[in-house]
2 protein chains.
Amino acid sequence: MKGRLYVIGMGPGSGEMMTPQAARALEQCQVIAGYTVYVELLKERYPKAEFLTTPMTREEERCRMALERAAQGDITAMVCSGDAGVYGMAGLILELAQEYPDVAVEIIPGITAACAGAAVLGAPLMHDFAVISLSDRLTDLELIWKRVELAAQGDFVICLYNPASRTRKDYLAQACRIIGQYRSPQTVCGLVRQIGREGQEHRIMTLKELENWPTDMFTTVFIGSSSTRKIGSCMVTPRGYRCE
Amino acid sequence: MKGRLYVIGMGPGSGEMMTPQAARALEQCQVIAGYTVYVELLKERYPKAEFLTTPMTREEERCRMALERAAQGDITAMVCSGDAGVYGMAGLILELAQEYPDVAVEIIPGITAACAGAAVLGAPLMHDFAVISLSDRLTDLELIWKRVELAAQGDFVICLYNPASRTRKDYLAQACRIIGQYRSPQTVCGLVRQIGREGQEHRIMTLKELENWPTDMFTTVFIGSSSTRKIGSCMVTPRGYRCE
């Protein structure tokens with residue numbers, strides 16, 4: 001029999017945004033692998049499964065563990081926060097799966113932080129948008145700044161993942177300065193922290209304010225296009241359905 | 001008492017990807033409004049609700065109907081396919097809601113076609129990406145082409161919504177030609193049609209092949225970056241976790 005590995009996006013938070021498709025796959029699983037924090041949330045819900053965890057930076061090890069177990073015949077899940085296909089594990093699993101021809105991999109999508117964070121702020125992503133990670137752990141920093149600049153030039157709404165970490169405290173400020181060459185300092189921006197978790201916070205502010213705002217790796221940042229506005233307490237990018 | 005209006009992303013398809021958060025909100029609703037096709041899918045599941053529908057192009061009318069009913073005290077939902085915040089109704093509802101100060105609006109996110117389609121193809125969105133709609137019904141065509149060109153220059157993976165309609169048969173070809181100025185004709189591309197519905201189809205092909213491929217408004221298109229590859233039968237954009 002072929003082994004089976006599900007790569008599952010749990011959505012943000014603790015399961016309120018996890019789809020029935022994802023839940024049904026997890027119910028079948030004998031083994032659930034993932035980054036420690038996310039897997040903790042599932043232990044109560046799936047008490048019969050065996051849980052495999054590795055810390056944040058050991059992605060390849062975590063994926064190989066899951067593929068090995070699937071190859072041995074256990075129905076296995078690799079879980080990711082948000083969507084497994086957006087800065088998650090889906091890509092690496094598919095690359096490594098070439099070495100495990102007996103394992104059938106199925107990717108199950110989840111709600112990514114761009115969509116969940118947008119819903120908290122209002123409707124910032126109603127028009128064309130670019131999603132960029134400011135983490136340079138796996139990407140050349142020059143390419144990141146180039147993308148930020150081109151997205152700014154194209155008047156895309158910009159959604160930034162991983163805006164800061166202990167070692168990248170000033171990256172968001174740098175991104176704001178680049179964007180500020182093309183957009184007003186009054187551009188409407190927003191950020192959401194700990195989406196879907198206890199202690200979720202959000203705030204709408206100007207690009208100028210955002211430049212000096214402290215953020216961390218649990219924050220998702222939204223930078224409005226030239227048409228994004230603050231409507232009541234919401235950040236909204238009108239799509240043009242109204243005659244304006 | 002304040003009226004309540006939920007703006008709900010159902011995810012693609014018929015409910016398998018709709019979150020528990022969305023389902024719980026719908027269970028409470030006395031009135032469910034939406035575009036005819038999507039609402040049909042919900043009639044069986046929520047038999048007690050009253051359903052309000054309008055055809056595709058009557059967005060403002062549909063939103064006002066929902067806001068009116070919420071203002072009258074009915075717990076009301078406006079449902080959208082995919083995510084209500086990505087080319088959906090969330091923005092227009094929030095704009096119009098200014099005229100209905102007694103209605104509290106809550107946006108409930110859903111899985112958008114970019115994420116659901118990516119999962120069908122493999123993992124094309126593992127790295128920075130741009131989402132662009134090729135519909136010029138509400139957007140200036142020049143701005144669309146400018147964004148396509150800048151996204152191509154930035155080596156973003158590009159996800160195209162609304163790649164074609166009866167009156168825009170050649171827009172995808174035009175987008176491919178613009179992108180072809182910056183990327184090889186062999187660039188790995190993919191498309192997914194009727195995501196999550198019966199008759200779902202997908203195909204991986206080169207940028208050159210995509211240029212002449214017939215598409216429609218039920219199709220989501222993915223154009224790889226320079227690092228996107230075909231791995232087995234999947235479209236994958238490696239993130240760089242492996243030492244390559």
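Before reading on, note that the structure itself is shown above.
Residues numbered from 1 in each chain as written. Chains lettered and ligands numbered in written order. Predicted model: local features only at pLDDT ≥ 70, side-chain atom pairs only at ≥ 80, totals over all residues. Heavy atoms only, no water.

This paragraph deals with the packing of helix 6 (residues 141–153) of chain A against helix 6 (residues 141–153) of chain B. The contact between helix 6 of chain A and helix 6 of chain B brings their axes to 9 Å, and the two run at 175°. When the axis of helix 6 of chain A is compared with that of helix 6 of chain B, the two are roughly antiparallel. Across the interface between the two elements, Lys146, Leu150 and Gln153 of chain A of helix 6 of chain A pack against Lys146, Leu150 and Gln153 of chain B of helix 6 of chain B. Split into classes, the residues belonging to the contact of helix 6 of chain A with helix 6 of chain B amount to 2 nonpolar, 2 polar and 2 charged. (Axes fitted to C-alpha atoms, helices over the stretch in contact; angles between N-to-C directions. Helix = DSSP H or I, 4+ residues; strand = E, 2+ residues; numbered from the N terminus. Parallel < 35°, antiparallel > 145°, perpendicular 65-115°, else oblique. Contact = heavy atoms within 4.5 Å. Nonpolar A, V, L, I, M, F, W, Y, C, P; charged D, E, K, R; others polar.)

Here we come to the pattern of salt bridges. Under the counting rule described, the total for this entry stands at 30 salt bridges over all chains. Across the pair Glu95 of chain A and Arg229 of chain B runs a salt bridge whose closest N-O atoms are separated by 3.3 Å. With Glu95 of chain A in helix 4 (residues 90–96) and Arg229 of chain B in strand 12 (residues 229–231), this residue pair bridges two chains. Take Glu95 of chain A: its relative accessible area is 4%, and that puts it in the buried class. Using a relative accessible area of 34% as the deciding quantity, one classes Arg229 of chain B as partly exposed. (Salt bridge = Lys/Arg side-chain N within 4 Å of Asp/Glu carboxyl O. Buried < 20%, exposed > 50% of the residue type's maximum accessible area, 1.4 Å probe, protein only.)

Another point: the interface of chain B and chain A. Every contact between the two is made by 68 residues of chain B and, on the other side, 68 residues of chain A. Carbon and sulfur atoms make up 60% of the area that chain B and chain A hide from each other, which totals about 5900 Å². Taken together, chain B and chain A are joined by 6 salt bridges. In this structure, Asp128 of chain A and Arg147 of chain B form a salt bridge, with 2.9 Å as the shortest nitrogen-oxygen distance. Put simply, chain B and chain A have 27 residue pairs in polar contact (both at pLDDT 80 or more) between them. Residues belonging to the side of chain B that touches chain A are distributed by class as follows: 34 nonpolar, 17 polar and 17 charged. Sheet topology places strand 7 (residues 129–133) of chain A next to strand 7 (residues 129–133) of chain B; 3 bridges connect them, and they run antiparallel. (Buried area = accessible area lost by both parts, 1.4 Å probe. Polar contact = N/O pair within 3.5 Å; in protein donor to acceptor, adjacent residues only side chain to side chain. Pairing = 2+ DSSP bridges.)

The next subject is the environment of Ile107 of chain A. Checked against the element boundaries, Ile107 of chain A lands in strand 5 (residues 103–108). A relative accessible area of 11% places Ile107 of chain A in the buried class. C-alpha of Ile107 of chain A to C-alpha of Leu94 of chain A: the two residues are 13 residues apart in sequence and 9.4 Å apart in space. Beyond its immediate sequence surroundings of up to four residues, Ile107 of chain A is in contact with Val7, Ala90 and Leu94 of chain A together with Ala119 and Gly122 of chain B.

Scanning all chains against the criterion turns up 4 aromatic pairs over all chains. A ring pair is formed by Tyr87 of chain A and Tyr161 of chain A, whose centres lie 5.1 Å apart and whose planes are at 55°; its orientation type is tilted. With a gap of 74 residues between them, Tyr87 of chain A in the loop between strand 4 (76–80) and helix 4 and Tyr161 of chain A in strand 8 (residues 157–161) connect regions that are remote in the sequence. One exposure class covers both Tyr87 of chain A and Tyr161 of chain A, and it is buried. Each ring, one from Trp145 of chain B and one from Tyr171 of chain B, has its centre 5.8 Å from the other, and the planes form 70°; the classification is edge-to-face. One end of the pair, Trp145 of chain B, is in helix 6; the other, Tyr171 of chain B, is in helix 7 (residues 171–180), and 26 residues separate them in sequence. The two residues Trp145 of chain B and Tyr171 of chain B agree in class, both being buried. (Phe/Tyr/Trp six-rings, centres within 6.5 Å; stacked < 30°, edge-to-face > 60°.)

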